[in-house]
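Residue-level structural notes
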Amino acid sequence: MKLVILDGHALNPGDLSYDVFKEFGTLEYYERTPANLTAERMRDADIVFLNKVQITKEILLQCPKLKYIGVFATGYNVIDTAAARERGITVTNIPAYSTMAVAQATFALLLELTNGVHAHNQSVQNGDWVKSPDFCYWTHPLTELLDKTFGIVGFGSIGQAVAKIANALGMKVIAYSRTAKKIEDFSKDNFTVKSVSLDELLQRSDIVSLHCPLTADNKGMINQAALAKMKDGAILLNTARGPLIDEAAVRTALESKKLFGFGADVLSQEPMSADCPLLGAPNCVITPHVAWAAKETRERLLGIAVDNLRRFLAGQPVNVVN
């Protein structure tokens with residue numbers, strides 16, 4: 001049996017090992033695969049693993065032996081899953097592996113915007129404190145989170161983890177979900193999170209944090225109209241999917257100070273394009289899609305990927321998305 005890893009560098013830049021897959025057959029590894037080589041590298045594979053390589057129907061038609069595609073991620077929109085199903089190819093993903101890592105990253109972004117740890121450290125390292133006539137100073141306004149209203153859009157496992165951290169910091173938590181029962185069930189076992197409409201959440205929240213999947217219906221949901229409904233000086237966070245945001249509208253809101261700040265780990269185009277409206281935007285903190293990238297988190301992902309394959313080969317597939 002031949003296994004091919006098409007773009008293994010992101011998951012394993014050298015601190016993990018893909019040798020765990022060798023028990024299943026011959027392993028062929030590529031750090032990255034350009035679009036023009038995808039079909040060629042998959043053509044005689046039985047099993048393929050990938051992260052962000054696009055797999056179209058046309059590519060699948062050139063892979064007669066292919067039985068299984070394992071995605072090294074939760075999102076699987078890079079694959080034509082309907083075409084895979086038609087050809088009897090099982091596609092699996094890795095759900096819930098990064099819940100706490102993404103929740104942690106969400107608050108790293110928020111606290112950078114409210115406390116400016118990096119900016120203040122840079123000022124100190126530049127010698128500003130040495131020259132200060134006072135025992136303290138700050139480079140921009142600081143914000144206390146106690147009693148602020150934290151609005152969560154999407155209330156799956158990550159949204160729920162974020163709710164717990166917001167509550168621990170003394171914030172009032174409200175949430176919008178297409179499945180309001182998730183919020184009700186959570187409130188029975190934890191603390192009360194009020195279920196509200198999206199409009200009410202935008203209007204009431206001091207911080208709006210996105211944790212929903214990307215669908216055809218919500219692409220660009222945070223646009224000029226949505227931003228207009230938000231409080232003046234609110235903070236917007238996105239650790240979900242980049243296309244949920246109209247990036248030009250967010251830049252305008254930052255420049256006008258409608259938004260106090262914007263923090264994101266995802267963009268509509270990744271890698272970031274040179275003409276991205278958010279490049280150089282004021283009070284804008286962006287990390288390069290690294291919320292999932294702690295070593296512990298990646299080790300967990302790799303372990304689930306191996307287990308997914310083992311269960312598929314045993315005739316008991318799990319985490320199937322098609």
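Before reading further, recall that the structure is shown in the block above.
Residues numbered from 1 in each chain as written. Predicted model: local features only at pLDDT ≥ 70, side-chain atom pairs only at ≥ 80, totals over all residues. Heavy atoms only, no water.

Scanning the chain from N- to C-terminus turns up 11 helices and 12 strands. Relative to its length of 322 residues, the chain is compact, with a C-alpha radius of gyration of 22 Å against a globular reference of 20 Å. For the chain, the residues scored as buried account for 46% of the 322 residues in total. Taking the intrachain contacts of the chain between residues at least 6 apart in sequence as the baseline, contacts between residues at least 24 apart amount to 60%. For the chain, the accessible area works out to roughly 15,800 Å², and carbon and sulfur atoms hold 52% of it. Charged side chains of the chain number 33 positive and 34 negative; the gap between the two group centres comes to 4 Å. (Helix = DSSP H or I, 4+ residues; strand = E, 2+ residues; numbered from the N terminus. Rg over C-alpha atoms; globule rule 2.2 N^0.38 Å. Buried < 20%, exposed > 50% of the residue type's maximum accessible area, 1.4 Å probe, protein only. Contact = heavy atoms within 4.5 Å. Areas by Shrake-Rupley, 256 points an atom, 1.4 Å probe, with all protein chains shown as cover. Lys, Arg positive; Asp, Glu negative; His and termini not counted. Charge placed at Lys NZ, Arg CZ, Asp CG, Glu CD.)

Our focus in this paragraph is the sheet that holds strand β10 (residues 234-238). Strand pairs in the sheet, formed through backbone hydrogen bonds, run parallel or antiparallel to each other. Judged by pairing direction, the sheet is parallel, and its seven strands sit side by side in the order β8-β7-β6-β9-β10-β11-β12 without closing on themselves. Pairing within the sheet leaves two strands with one partner each, and these edge strands are β8 (194-195) and β12 (284-286). Taken together, the two bridges between strand β7 (residues 172-176) and β8 define a ladder with parallel strand orientation. Bridge pairing in β8 links A175 to S195. Across the face of the sheet, helix α4 (residues 99-115) comes into contact with β6 (149-153), β9 (207-210), β10, β11 (259-264) and β12 while running at roughly 150° to β10. In this fold helix α6 (residues 157-168) packs onto β6 and β7, with an angle of close to 175° to the strand it touches most, β6. (Pairing = 2+ DSSP bridges. Axes fitted to C-alpha atoms, helices over the stretch in contact; angles between N-to-C directions.)

Counting residues in each nonpolar core, the largest one holds 30 residues, and the members touching the most others are I222, L227, L236, V250, L259 and F262. Those elements that provide at least two residues to this core are α8 (198-204), β9, α9 (224-229), β10, α10 (247-255) and β11. Among the elements that make up this core, the one with the highest residue count is α10 (four residues). For F262, the contacting residues outside a window of four places in its chain are L113, L236, N238, I245, V250, L254, L278, N283, C284 and V285. (Core = buried A, V, L, I, M, F, W, Y, C linked by side-chain atoms within 4.5 Å.)

On the secondary structure map, S268 appears in the loop between β11 and β12. In this structure the C-alpha to C-alpha distance between S268 and G242, which are 26 residues apart in sequence, comes to 4.1 Å. Leave out the neighbours within four places in its chain, and S268 touches G242, P243 and E247.

Here the focus is the pattern of salt bridges. Tallying each qualifying case throughout the model produces 17 salt bridges. Between R32 and E31 there is a salt bridge, and its shortest N-O distance comes to 3.4 Å. A relative accessible area of 53% places R32 in the exposed class. Given the relative accessible area of 41%, E31 is considered partly exposed. Note that R311 is salt-bridged to D307, the shortest N-O span being 3.0 Å. (Salt bridge = Lys/Arg side-chain N within 4 Å of Asp/Glu carboxyl O.)

What follows covers the pairing of strand β3 (residues 47-50). Strand residues, when the strand is regular, have side chains that alternate between the two faces of the sheet. Of the two faces of β3, both are covered, the one formed by I47 and F49 as well as the one formed by V48 and L50. Pairing analysis gives three bridges linking strand β1 (residues 2-5) to β3, with the strands arranged parallel. Opposite L3, over in β3, you have I47 as the bridge partner. The sheet contact formed by β3 and strand β4 (residues 68-71) spans four bridges and is parallel. When the bridges of β4 are listed, L50 appears paired with V71.

Quick look at α6 now. In this model α6 runs 17 Å from its N-terminal to its C-terminal C-alpha over 12 residues, within 8% of the 16 Å that 1.5 Å per residue would give. Among all positions in α6, only G159, A161, V162, A163 and A166 are buried. Tucked into the core, α6 has its buried residues touching α4, β6, β7 and α7 (180-189). Following α6 by one or two positions, G170 has its phi on the positive side, about 85°. (Expected span 1.5 Å × (residues − 1).)

Next up on the list: unusual backbone geometry. Here the residue pair E270 and P271 is connected by a cis peptide bond, since its omega of 0° sits within 30 degrees of zero. Phi at K257 is positive, roughly 70°, even though this residue is not glycine. Structurally, K257 can be placed in the loop between α10 and β11. Judged by relative accessible area, which is 66%, K257 ranks as exposed.

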